[in-house]
Amino acid sequence: MRRGVLVAMSALLLSLACGGSGGGGGGSSQPAGSTKVTMTDFKFDPSDLKVKSGKVNFFLVNNGGVSHDLVVTSSDGKTVARSELVQPGNSTVLTVDNLAAGDYKFICDQPGHADQGMKGTLTAS
Ligand SMILES: [Cu+2]
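Let me sum up the structure you'll find in this document. Predicted model, so just to flag it, every value in this text is computed and none were measured. (Residues numbered from 1 in each chain as written. Predicted model: local features only at pLDDT ≥ 70, side-chain atom pairs only at ≥ 80, totals over all residues.)

Structural notes on the sheet that holds strand β7 (residues 91-99)
Convention followed: Here, a strand pair is defined by DSSP locating no fewer than two bridges between the strands. Per the convention used, a helix needs a DSSP run of H or I reaching at least four residues, while a strand needs a run of E reaching at least two, with both numbered from the N terminus. Axis definition: a line fitted to C-alpha atoms, limited for helices to the stretch in contact. Angles are taken between N-to-C directions and run from 0 to 180 degrees.
Strands sit in the order β2-β1-β4-β7 across an open sheet of four strands; the sheet is mixed. Each of the sheet's edge strands pairs with one partner strand only, and the pair in question is β2 (43-45) and β7. The average angle at which neighbouring strand axes cross in this sheet is 25°, direction not considered. Strand direction decides the pairing type here: strand β4 (residues 54-62) and β7, joined by seven bridges, are antiparallel. Opposite N57, over in β7, you have T95 as the bridge partner.

Overview of the environment of S125
Keep this limit in mind: Residues with at least 20 other C-beta atoms within 10 Å of their own are called buried, those with 12 or fewer are called exposed, and the rest are partly exposed. The C-beta atoms themselves are positioned from the backbone. Contacts are defined on C-beta atoms placed from the backbone: any two residues whose C-beta positions lie within 7 Å are in contact.
Examined against the element boundaries, S125 turns out to sit in the segment after β9 (119-124). S125 gets classed as exposed once you count the C-beta atoms within 10 Å, which come to 9. Sequence separation of S125 and D103 is 22 residues, and the distance between their C-alpha atoms is 8.7 Å. Once residues lying within four places of it in the same chain are set aside, the contact partners of S125 are K52, S53 and A101.

Section: the nonpolar core
Note that soluble globular proteins tend to have their nonpolar side chains buried in a common cluster. Rules: Defined on buried residues, the nonpolar core groups Ala, Val, Leu, Ile, Met, Phe, Trp, Tyr and Cys residues joined through C-beta atoms within 7 Å.
Counting 16 residues, the largest nonpolar core has V37, M39, F58, L60, L70, F106 and L122 as the members making the most contacts within it. Mapped by element, the contributors of at least two residues to this core are β1 (35-40), β4 and β8 (102-107). The dominant element in this core, judged by the number of residues it contributes, is β4, at three residues. Setting aside chain neighbours within four positions, we find F106 in contact with L70, V71, V72, K119, G120 and L122.

A closer look at the environment of E84
Structurally, E84 is set in the loop between β6 (79-82) and β7. Since 13 C-beta atoms lie within 10 Å of it, E84 is described here as partly exposed. For the pair E84 and L94, spaced ten residues apart in the sequence, the C-alpha separation amounts to 7.9 Å. Beyond its immediate stretch of four places on either side in the chain, E84 contacts D69 and T92.

Details of the sheet that holds strand β3 (residues 48-51)
Two strands in a sheet stick together by hydrogen bonds in their backbones, pointing the same way (parallel) or opposite ways (antiparallel). If you walk across this open sheet you meet the five strands as β3-β9-β8-β5-β6, and the pairing is mixed. Single-partner strands in this sheet number two, and they are β3 and β6. Here the strands of the sheet are splayed against their neighbours by 25° on average, with no regard to which way each runs. As defined by bridge partners, strand β5 (residues 71-74) adjoins β8 across four bridges and the pair is classed as antiparallel. Residue T73 lies in a different strand from β8, and its bridge partner there is K105.

Below, the structure written as structure tokens:
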């Protein structure tokens, strides 16, 4: 039942978003209301993200020279969300359907990247 409501809400949000943009969805333009995060070799910008709890969209842009991803973990180390691997010059949208208020961490989990600086903090309020 709750899942049905969530799906219905998602469909509504999608239709609203498409009404404004003409129904794009190519993946290269930033969705309305999303949080943009730029990935380079080897850091996230910004590395200190603040979002509202609930449904959160991250627009991930890879301006680096190698592939990157973004993995959100809770304070106790559980994976909350994981983006696809973004190739250099590409972008993707990572949607977290129901992010609870709290403090999180995020990293790029490609080998060695987090150690070289690809990590940050995420606060949902
Ligand atoms: Cu990386």
